[in-house]
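What the coordinates show
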Amino acid sequence: MDLKQLSYFTAIVDEGSISAAAKKLHISQPPLSNQMKSLEAELGVVLFERGLRSITLTDAGKLMYERANTILDMASAAKMEIDSLGNGLRGTLRMGMVSSSVTGHVARRLMAFRELYPEVNFQIYEGNTYQLLDGLKTNQIDLALVRAPFPEAGFICHKYQEEYFVAVGLPGHLPEHAGLTRVAEHPLVLYRRWEAPIRQAFEDKGLTMRLACMVDNAWTSIQMVRAGMGIALLPESFAADIPGIQIWNLKEEALKTQLMLVKRDDRYISNITKIFFEKFEV
């Protein structure tokens, strides 16, 4: 198995057929088919079923496609890191971000870094905290901007200031100084990542949650709020600069969060990654 075989395999999957992949790769079809037969023979499995006009991945093929993309990404990143040693600070920083960290302020901080180092570009990977931590463990990303709490063993964390959750809704939904009791009078758009602490906060006050919708993304929460679905509870820094909504400060001690920039503590990191980790602030 080599990188060329893996790139051929992913091209076939992406293009949907061997003939289309051969055209894209500018090679004839028979050598490409032979490479795939050789790869399947080495692995001892069938990766895809050949149809007249398209291929269908087997379960082994689906797993291989996922792993092949990871390996190719890692190989590309390694090459860029090595190139950067001799060519100054340049290359790609692979960064994971949870949806509630994607704010105008953070985007401006990324831009400020690029202004200092214009030969650096970002590959942004989005997911929840645990997905991104898995990406760090498997070397798919270099850094992750995530939210506590999570198990910190095996990681080095740059911790930023704690912040409260705020209630977010359409203007006029709540009185000016509303608390959780008034929030409980409205349907709730619940961000799944924070389901447990939010439910606990309601229970501790003897309140009943009126669930309207549960989502996996902070920006989806905002769209549901704008559509009139209900009230959402979100980190203050995320909600602060979003137009068309109103924010109510709850100041609930049980509902706090903290952004962290995280890297693994047991692997080499490029100069780009090291400098970004040291300089980045939110």
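Everything discussed here concerns the structure shown above.
Here we summarise the structure given alongside this text. (Residues numbered from 1 in each chain as written. Predicted model: local features only at pLDDT ≥ 70, side-chain atom pairs only at ≥ 80, totals over all residues. Heavy atoms only, no water.)

Describing the side chain of Ser-101
Note the following rule: Under the scheme used here, helices are H or I runs from DSSP no shorter than 4 residues and strands are E runs no shorter than 2 residues, and both carry numbers assigned from the N terminus. Accessibility here uses a 1.4 Å probe with only protein chains present; expressed as a share of the type maximum, an area under 20% marks a residue as buried, one over 50% as exposed, and anything in between as partly exposed. Residues count as neighbours in contact if any of their non-hydrogen atoms are within 4.5 Å of one another.
Here Ser-101 shows up in the loop between β3 (91-97) and α5 (104-116). Relative accessible area serves as the criterion here: at 0%, Ser-101 is assigned to the buried category. Apart from residues no more than four positions distant in its own chain, Ser-101 is found in contact with Val-106, Leu-145 and Leu-259.

Some details on the nonpolar core
Filter applied, for reference: What makes a nonpolar core is a set of buried Ala, Val, Leu, Ile, Met, Phe, Trp, Tyr and Cys residues whose side-chain atoms join them at distances within 4.5 Å.
Of all hydrophobic cores here, the largest spans 33 residues; its most connected members are Val-183, Ile-198, Phe-202 and Leu-233. Elements with a contribution of two residues or more to this core: β6 (155-169), α7 (180-183), β7 (188-191), α8 (195-204), α9 (218-226), β9 (231-235) and α10 (236-239). If we ignore the near neighbours within four places in the chain, the residues touching Val-183 are Ala-167, Leu-174, Leu-188, Phe-202, Ile-231, Leu-233 and Leu-250. Judged by nonpolar contacts, the second largest core, of 19 residues, contains Met-97, Phe-113, Tyr-117 and Phe-277.

A short note on the environment of Phe-202
Within the secondary structure, Phe-202 sits in helix α8. For the pair Phe-202 and Val-146, spaced 56 residues apart in the sequence, the C-alpha separation amounts to 25 Å. When near neighbours in sequence (up to four residues on either side) are disregarded, Phe-202 contacts Leu-180, Val-183, Ala-184, Leu-188, Leu-207, Thr-208, Met-209 and Leu-233.

A few points about helix α1 (residues 3-15)
Operational definition: Expected helix span is taken as 1.5 Å per residue step, with the number of steps being one fewer than the number of residues. In the analysis that follows, any N or O atom pair within 3.5 Å is treated as a polar contact, provided that within protein one partner can donate a hydrogen and the other can accept it, and provided that, for residues neighboring in sequence, both atoms belong to side chains.
Between its first and last C-alpha, α1 extends 18 Å over 13 residues, near the 18 Å set by a 1.5 Å rise per residue. When α1 is considered as a whole, its buried residues turn out to be Gln-5, Leu-6, Tyr-8, Phe-9, Thr-10, Ala-11, Ile-12 and Val-13. Where α1 begins, the side chain of Asp-2 points an oxygen toward the backbone nitrogen of Lys-4, at a separation of 3.2 Å. Gly-16 sits one or two positions beyond α1 and adopts a positive phi of about 90°.

Points about the pairing of β9
What counts is decided by this rule: Strand pairing is assigned whenever DSSP identifies at least 2 bridges connecting the two strands.
The element β9 is largely enclosed, with a buried count of five among its five residues. Both β7 and β9 contribute to a ladder of two bridges, which runs parallel. From the neighbouring strand, Val-189 faces β9, where its bridge partner is Ala-232.

Focus on the pattern of salt bridges
Using the following cut-off: A pairing counts as a salt bridge when a side-chain nitrogen of Lys or Arg comes within 4 Å of a carboxyl oxygen of Asp or Glu.
Inspection of the entire model under this criterion finds 11 salt bridges. Linking Arg-199 and Glu-195 is a salt bridge whose minimum nitrogen-to-oxygen distance equals 2.9 Å. Of this pair, Arg-199 and Glu-195 both sit in helix α8, separated by four residues, roughly a single helical turn. Here Arg-199 falls in the partly exposed class, since its relative accessible area comes to 30%. Owing to a relative accessible area of 23%, Glu-195 belongs among the partly exposed residues under this scheme. In this structure, Lys-256 and Glu-253 form a salt bridge, with 3.0 Å as the shortest nitrogen-oxygen distance.

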